[in-house]
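# Geometric and topological summary
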Amino acid sequence: MKTQTLLTAQVEFENRRKHCSRRGNEAEGLFTPSCASLRRRLPFLNSACLTAVLLLQTAVAHAQQDFSKVEIKTIHVAKNIYMLQGAGGNIGVSVGPEGLLIVDDQFAPLADKIEAALKQLNPGKLKFVLNTHFHGDHTGGNAHFGRDAHIIAHANVRKRLGGGAGETKPGLPIITFDDSLSVHFNGEEIRVIHVPPGHTDSDSLIHFTGANVVHMGDSFFSGRFPNIDLGGGGDVRGYIRNVGEAVKKLPPDAKVIPGHGPLSTAKELNEFHEMLVETSGIVEKAIAAGKTLDQVKADGLPSKWKSWEAPTLGTSRWLEILYQGLTRK
Ligand SMILES: [Zn+2]
Ligand SMILES: [Zn+2]
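Because the structure is a prediction, the values reported are computed rather than measured.

Cut-offs applied
- Residues numbered from 1 in each chain as written.
- Chains lettered and ligands numbered in written order.
- Predicted model: local features only at pLDDT ≥ 70, side-chain atom pairs only at ≥ 80, totals over all residues.
- Helix = DSSP H or I, 4+ residues; strand = E, 2+ residues; numbered from the N terminus.
- Buried ≥ 20, exposed ≤ 12 C-beta atoms within 10 Å, placed from the backbone.
- Contact = placed C-beta atoms within 7 Å.
- Pairing = 2+ DSSP bridges.
- Axes fitted to C-alpha atoms, helices over the stretch in contact; angles between N-to-C directions.
- Expected span 1.5 Å × (residues − 1).
- Parallel < 35°, antiparallel > 145°, perpendicular 65-115°, else oblique.
- Left-handed = near helix turned anticlockwise from the far one by under 90°.
- Nonpolar A, V, L, I, M, F, W, Y, C, P; charged D, E, K, R; others polar.
- pLDDT = per-residue confidence, 0-100.
- Core = buried A, V, L, I, M, F, W, Y, C linked by C-beta atoms within 7 Å.

## Some points on the overall build of the chain
Each helix and strand in the chain was counted, giving ten helices and twelve strands. By the burial criterion, 44% of the 329 residues in the chain qualify as buried. Long-range pairs, those at least 24 residues apart, make up 63% of the contacts in the chain with a sequence separation of at least 6.

## Section: the sheet that holds strand β11 (residues 213-215)
Reading across the sheet, the five strands line up as β8-β9-β10-β11-β12 and stay open at both edges, with mixed pairing between neighbours. Strands with a single pairing partner mark the edges of an open sheet, and in this sheet they are β8 (180-185) and β12 (255-257). Taking the axes of each pair of neighbouring strands and ignoring which way they run, one obtains an average angle of 20 degrees across the sheet. Bridging between strand β9 (residues 188-194) and strand β10 (residues 204-208) involves five bridges; their strand directions are antiparallel. Counted as the bridge partner of H194 is S204 from β10.

## A look at helix α7 (residues 236-249)
Helical geometry note: an α-helix holds 3.6 residues per turn, so side chains three or four residues apart project in the same direction. Compared with an ideal rise of 1.5 Å per residue, which puts 14 residues at 20 Å, α7 spans 20 Å between its outermost C-alpha atoms and is within 8% of the ideal. Burial in α7 covers these residues: V236, G238, Y239, I240, N242, V243, E245 and A246. For α7, the secondary structure elements touched by its buried residues are β10, α8 (266-288) and α10 (315-327).

## So, the pairing of strand β3 (residues 91-96)
Looking along a regular strand, one sees the side chains alternate between the two faces of the sheet. With four bridges connecting them, strand β2 (residues 81-85) and β3 associate as antiparallel partners. Bridged to M83 within β3 is G92. Pairing analysis gives five bridges linking β3 to strand β4 (residues 99-103), with the strands arranged antiparallel. By the bridge assignment for β4, V95 is matched with L100. Between β3 and β4, which pair antiparallel one after the other, the connecting turn spans two residues.

## Considering the sheet that holds β3
With mixed pairing, the seven strands of this open sheet are ordered in space as β1-β2-β3-β4-β5-β6-β7. With partners counted over all chains shown, the strands left at the sheet margins are β1 (73-78) and β7 (175-177), one partner each. Strand-to-strand twist of the sheet, defined as the mean angle between neighbouring strand axes without regard to direction, takes the value 20 degrees. Sitting on the sheet, helix α3 (residues 111-121) is in contact with β1, β2, β3, β4 and β5 (126-130), with an inclination near 35 degrees to β3.

## What to know about the environment of D253
The residue D253 is located in the loop between α7 and β12 in this model. In this structure the C-alpha to C-alpha distance between D253 and T265, which are twelve residues apart in sequence, comes to 7.4 Å.

## Some thoughts on the packing of α7 against α8
For the pair α7 and α8, interaxial distance at closest approach is 10 Å and the crossing angle is 150 degrees. Classed by the angle they form, the pair α7 and α8 counts as roughly antiparallel. When you trace α7 past α8, the crossing you get is left-handed. Between α7 and α8, the contacting residues are V236, I240, V243, G244, A246 and V247 on the first element and L269, N270, F272, H273, L276, V277 and S280 on the second. Split by residue class, the contact of α7 with α8 holds nine nonpolar, four polar and no charged.

## Things to note about the packing of α8 against α10
The relative placement of two packed helices is expressed as an angle between their axes plus a distance between the axes. Running from N to C, α8 and α10 point in directions that differ by 60 degrees, and their axes come no closer than 10 Å. Classified by the angle their axes make, α8 and α10 are oblique. Remark: the crossing between α8 and α10 carries right-handed chirality. Across the interface between the two elements, T279, S280, V283, E284 and I287 of α8 pack against W318, L319, L322, Y323, L326 and T327 of α10. A class-by-class count of the residues in the contact of α8 with α10 yields seven nonpolar, three polar and one charged.

## Re the confidence of the model for the chain
Confidence in the prediction for the chain averages 86 pLDDT; 81% of positions are at 70 or higher. Here residues 1-29 scores under 50 on pLDDT; set against residues more than four positions off or in separate chains, the count is 46 contacts.

## Remarks on the nonpolar core
Residues V93, I102, L130, I206, V213 and V214 are the most contacted members of the largest nonpolar core, which totals 66 residues. V213 has contacts with V77, A78, I81, F208, A254, K255 and I257, leaving out every residue within four places of it along the chain.

## Quick notes on the pairing of β1
Across five bridges, β1 lies against β2 in antiparallel orientation. Note that in β2 the partner of I75 across the bridge is M83. Where β1 folds back on β2, the antiparallel hairpin that results is connected by two residues, among which K79 adopts a positive phi of roughly 45 degrees.

## Some points on α8
Helix length check: α8, at 23 residues, gives a terminal C-alpha distance of 32 Å against a target of 33 Å (1.5 Å per residue), a fit within 8%. Of the positions making up α8, those classed as buried are L269, F272, M275, L276, T279, S280 and V283.

## Here we look at unusual backbone geometry
Despite not being glycine, Q106 shows a phi value in the positive range, around 50 degrees. Looking at the element boundaries, Q106 is found in the loop between β4 and α3. The class for Q106 is buried, based on 27 C-beta atoms found within 10 Å.

As structure tokens, this is what we get:
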């Protein structure tokens, strides 16, 4: 797609977004059976342009990345659950007598390496892929793994990946849900719980109820500032609320797999929530005082948040996300 076409598509999408509203209920009953009753209505921006823009942006962003040097690390989480780290979002793995289930699958060029790491864990078949949301660093391997496994995700993941109803295309989730869903596999119930718009409008948290492990997807960046995809249906206040709900409802002693960052527990999730509340509070105050984004950036954040910077998302970008998200009508 040419730059001009891309710009036109972005402008068109932005105009459409401004004309749309969204609302979501509180995610009561997270990690409990009552979340089956969690109801949401979400006017969806079904824009082919948006999908094209997002896919292109992802492709451009990762075109320079040299995947040949990436190694896949396997980390034991609890009982039969493992976490794989390579490049992109952390992968959760359920290993057992019924075979394998994975949560997210990073980038397409890493699929062979991920497959080799999975074979090391268990020679059984990969039966299911769960996607925490639609971003390419979590769904890039879908086309590869979806040849044999069933891909399950929230309906908006499928829509955001460009899948119309009944359409067959490599990499699309073939089982979709609106609120929550359970997979009964390897001796436990694996609950997939959709949350209101936060990181995107397609986010789910995955609870391995037997192993007591929660995969948060990009609703949790451990020890670093998160990306919030405002163009992909994300919402700053919704993001913070979702994390706050997860903090409250997290089962005792649960292990927490973040979308990005090291394997964590309630402690790191609490710290993440504190960071979100404090830094967003600083920006809220500045907005109320009439400060511009440039002024907010010039003021910066207290030095205690310096260590939360990641190479891809520093203080300045985080302030930009907060400012844009909090001033949006
Ligand atoms: Zn991610
Ligand atoms: Zn993401």
